[in-house]
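Descriptive analysis of the structure
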Amino acid sequence: MNAPRAPYLMNTDTTFDCAAFGFDSARIRETLSILGLQAEHAKLAERIRRETTGGEAKAMVHSCCIALARDRGFALIERNIGIECFTQTWTLHLQCYGQDFDTPKYFGERLAIAAAFVRAKIPQGLLQLQHSLTQQTLINNLSVKFADDTATLGPLIDCVVKLTSLNVYLSAEGYHLPQIDELRKALTKLRKETSHWHQEASTDQLTGLMRYNTLMEALDHHIDIAHRGHDGRSGKPLCVAMIDLDFFKKINDTYGHVVGDFVLKHVAGRLQAAVRDFDMIGRFGGEEFVIIMTNTPLELAEVIAERVRKGVMDTPLHLKEFSIPITISVGVAMLRSGERKEALIERADKAMYEAKNAGRNRVMLAKDTGDSGTLPEL
Ligand SMILES: Nc1nc2c(ncn2[C@@H]2O[C@H](COP(=O)(O)OP(=O)(O)OP(=O)(O)O)[C@@H](O)[C@H]2O)c(=O)[nH]1
């Protein structure tokens, strides 16, 4: 006889797929082996069905239910599952007691029942109590039936205890999966929120570029990498470009502060379009930006800075009837051996002011940078 399906699972989307609960055939075998359940127990279970549960299942469930009803959680079964459904399922399980206990179907159904209990918000203890009452009733019945035949009674009781262990174990596992799923969902949500807040905290609201603090942290980090493992001569080249908009005050004065903000946003976009994917751009403050170029010798940094300058110059901002020409002045400096970020930024800033003094809209290199390709000594 095939094990009938538990009634209160019929209207759910629950499958009896025990693989979904992490039970493949190897784990089923392992579980049975740990619990000491073997082929002989199939025969013993069949005897138990014949002697007791086959004909007395209904009466057994009825007496167990009286005991179970004393538990406060029982009201939840009444409300969320329905007593008839619950007792029907229990009766069916008793009628098929231990049948096919070594099959994925047996495992899947018990795991799914526990999951249905979780969904119905019924405490795990109640399901465990149900198993324990079943065991007790079975042992009582068998003890009465085989009072004079302890040789038969012993293995039957052993079989009941082992099958109860299996059922209790499966109900605990079935309870954990939805709980782990919930935890996983909560964790994913938390991770998303954290990454959102991290993004918010590290991004300049107006331009979408890195904020000053994040930019400086990144610079510190990459300077460490550039210095690390070298003997003062063989570190990886790192360059920074300090960028300042030309006559930005005039733009503000002419078109207003709001348009000035649009210009800053527009320039940020141009900078991003002109650099390489791995270059880092941040807003240094007001109308100043910084590009960090890792693993980049000075000649290459100059080429990139020139591309950035041209990109901004060639793309005026079109806003309503206005076409606002924008230019930038850029100072580029390459990290020297042992140099910290403050000194590096200062040299790039100085070069940028030289670009301003030389007529603006140009790129100037910090003079004392030394040979490109290696970190020059101080
Ligand atoms: N719209 C807008 N303006 C800003 C912002 N931050 C700074 N500014 C303005 O940027 C202008 C910078 O002006 P200055 O430092 O005189 O420099 P400049 O006019 O660009 O001239 P040079 O740098 O010498 O070419 C000031 O008017 C600031 O008010 C901002 O977030 N939005």
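Structure's up top.
Before going into details, it helps to say that this report is about the structure given with it.

Conventions adopted
- Residues numbered from 1 in each chain as written.
- Predicted model: local features only at pLDDT ≥ 70, side-chain atom pairs only at ≥ 80, totals over all residues.
- Heavy atoms only, no water.
- Helix = DSSP H or I, 4+ residues; strand = E, 2+ residues; numbered from the N terminus.
- Buried < 20%, exposed > 50% of the residue type's maximum accessible area, 1.4 Å probe, protein only.
- Areas by Shrake-Rupley, 256 points an atom, 1.4 Å probe, with all protein chains shown as cover.
- Near = heavy atom within 4 Å.
- Polar contact = N/O pair within 3.5 Å; in protein donor to acceptor, adjacent residues only side chain to side chain.
- Pairing = 2+ DSSP bridges.
- Expected span 1.5 Å × (residues − 1).
- Contact = heavy atoms within 4.5 Å.
- Axes fitted to C-alpha atoms, helices over the stretch in contact; angles between N-to-C directions.
- Parallel < 35°, antiparallel > 145°, perpendicular 65-115°, else oblique.
- Left-handed = near helix turned anticlockwise from the far one by under 90°.
- Nonpolar A, V, L, I, M, F, W, Y, C, P; charged D, E, K, R; others polar.
- Phe/Tyr/Trp six-rings, centres within 6.5 Å; stacked < 30°, edge-to-face > 60°.
- Salt bridge = Lys/Arg side-chain N within 4 Å of Asp/Glu carboxyl O.
- Core = buried A, V, L, I, M, F, W, Y, C linked by side-chain atoms within 4.5 Å.

What follows covers the overall build of the protein chain. When its secondary structure is counted, the protein chain shows 12 helices and 7 strands. For the protein chain, the proportion of its 378 residues judged to be buried stands at 47%. About 19400 Å² of surface is accessible on the protein chain, with carbon and sulfur atoms providing 54% of the total.

The next subject is the site of the ligand. Residues in close proximity to the ligand total 16 residues, the closest being Phe 248, Lys 249, Asp 261, Arg 283 and Lys 356. Asp 261 places a side-chain nitrogen or oxygen 2.7 Å from a nitrogen atom of the ligand. Contacts to the ligand include Arg 360, whose side-chain N or O atom sits 2.9 Å from an oxygen atom. Calculation on the ligand without its partners gives an accessible area of 670 Å², and the protein chains cover 67% of this total.

Burial within strand S6 (residues 328–334) is extensive, with 7 of its 7 residues counted as buried. Neither face of S6 is left uncovered, since the one carrying Ile 328, Val 330, Val 332 and Met 334 and the one carrying Ser 329, Gly 331 and Ala 333 both have all their residues buried. Of the strand pairs in this sheet, strand S1 (residues 239–245) and S6 are connected by 7 bridges, and their pairing is antiparallel. Bridge pairing links Met 242 to Gly 331 in S6.

The next point concerns helix H6 (residues 124–145). At 3.6 residues per turn, the α-helix brings residues three or four places apart onto the same side. Helix length check: H6 (22 residues) gives 32 Å between terminal C-alpha atoms against 32 Å at 1.5 Å per residue, within 8%. Among the residues of H6, Leu 126, Leu 127, Gln 130, His 131, Leu 133, Thr 134, Thr 137, Leu 138, Ile 139, Asn 141 and Leu 142 are the ones counted as buried. Here the buried face of H6 lies against helix H2 (39–68), helix H3 (74–80), helix H4 (83–95), helix H5 (104–119) and helix H7 (150–202).

The next thing to look at is the packing of H2 against H4. One can describe the packing of H2 onto H4 by two numbers: an axis separation of 8 Å at closest approach and a directional angle of 150°. Relative to H4, the element H2 is oriented roughly antiparallel. For the element pair H2 and H4, the recorded crossing hand is right-handed. The segment H2 lies against H4, with Arg 49, Thr 53, Gly 54, Ala 57, Lys 58, Met 60, Val 61, Cys 64, Cys 65 and Leu 68 engaging Phe 86, Thr 87, Trp 90, Thr 91, Leu 94 and Gln 95. Each residue belonging to the contact of H2 with H4 can be placed in one class, and the counts come to 9 nonpolar, 5 polar and 2 charged.

Here we come to the packing of aromatic side chains. Considering all chains together, one arrives at 7 aromatic pairs under this definition. Taking the centre distance of 6.1 Å and the plane angle of 45° together, the rings of Phe 86 and Phe 117 count as tilted. Here the residue Phe 86 occupies a position in helix H4, and Phe 117 occupies one in helix H5, the gap between them amounting to 31 residues. Like Phe 86, the residue Phe 117 is buried in the burial classification. With centroids separated by 5.1 Å and ring planes inclined at 70°, the aromatic side chains of Tyr 255 and Phe 322 adopt a geometry described as edge-to-face. Pair noted here: Tyr 255 is in helix H9 (residues 248–255) and Phe 322 is in strand S5 (residues 322–324), with a separation of 67 residues, a long-range link.

It is worth spelling out the pattern of salt bridges at this point. Within the structure shown, the criterion is met by 18 salt bridges. For Arg 27, the salt bridge goes to Glu 173, with nearest N and O atoms at 2.9 Å. Taken as a pair, Arg 27 in helix H1 (residues 25–35) and Glu 173 in helix H7 lie far apart in primary sequence, 146 residues in all. With its nearest N and O atoms 3.3 Å apart, the salt bridge here joins Arg 340 to Asp 224. One end of the pair, Arg 340, is in the loop between S6 and helix H12 (341–357); the other, Asp 224, is in helix H8 (residues 212–227), and 116 residues separate them in sequence. Look at Asp 224 and you get partly exposed, because its relative accessible area is 35%. When salt bridges that share partners are traced, they join Asp 220, Asp 224, Arg 340, Lys 341 and Glu 342 into one network.

Counting residues in each nonpolar core, the largest one holds 48 residues, and the members touching the most others are Phe 86, Phe 107 and Phe 117. Of all elements in the fold, only H1, H2, H3, H4, H5, H6 and H7 reach the threshold of two or more residues within this core. One finds Cys 239, Leu 245, Val 308 and Val 332 within the second-largest nonpolar core, a separate group that totals 33 residues.

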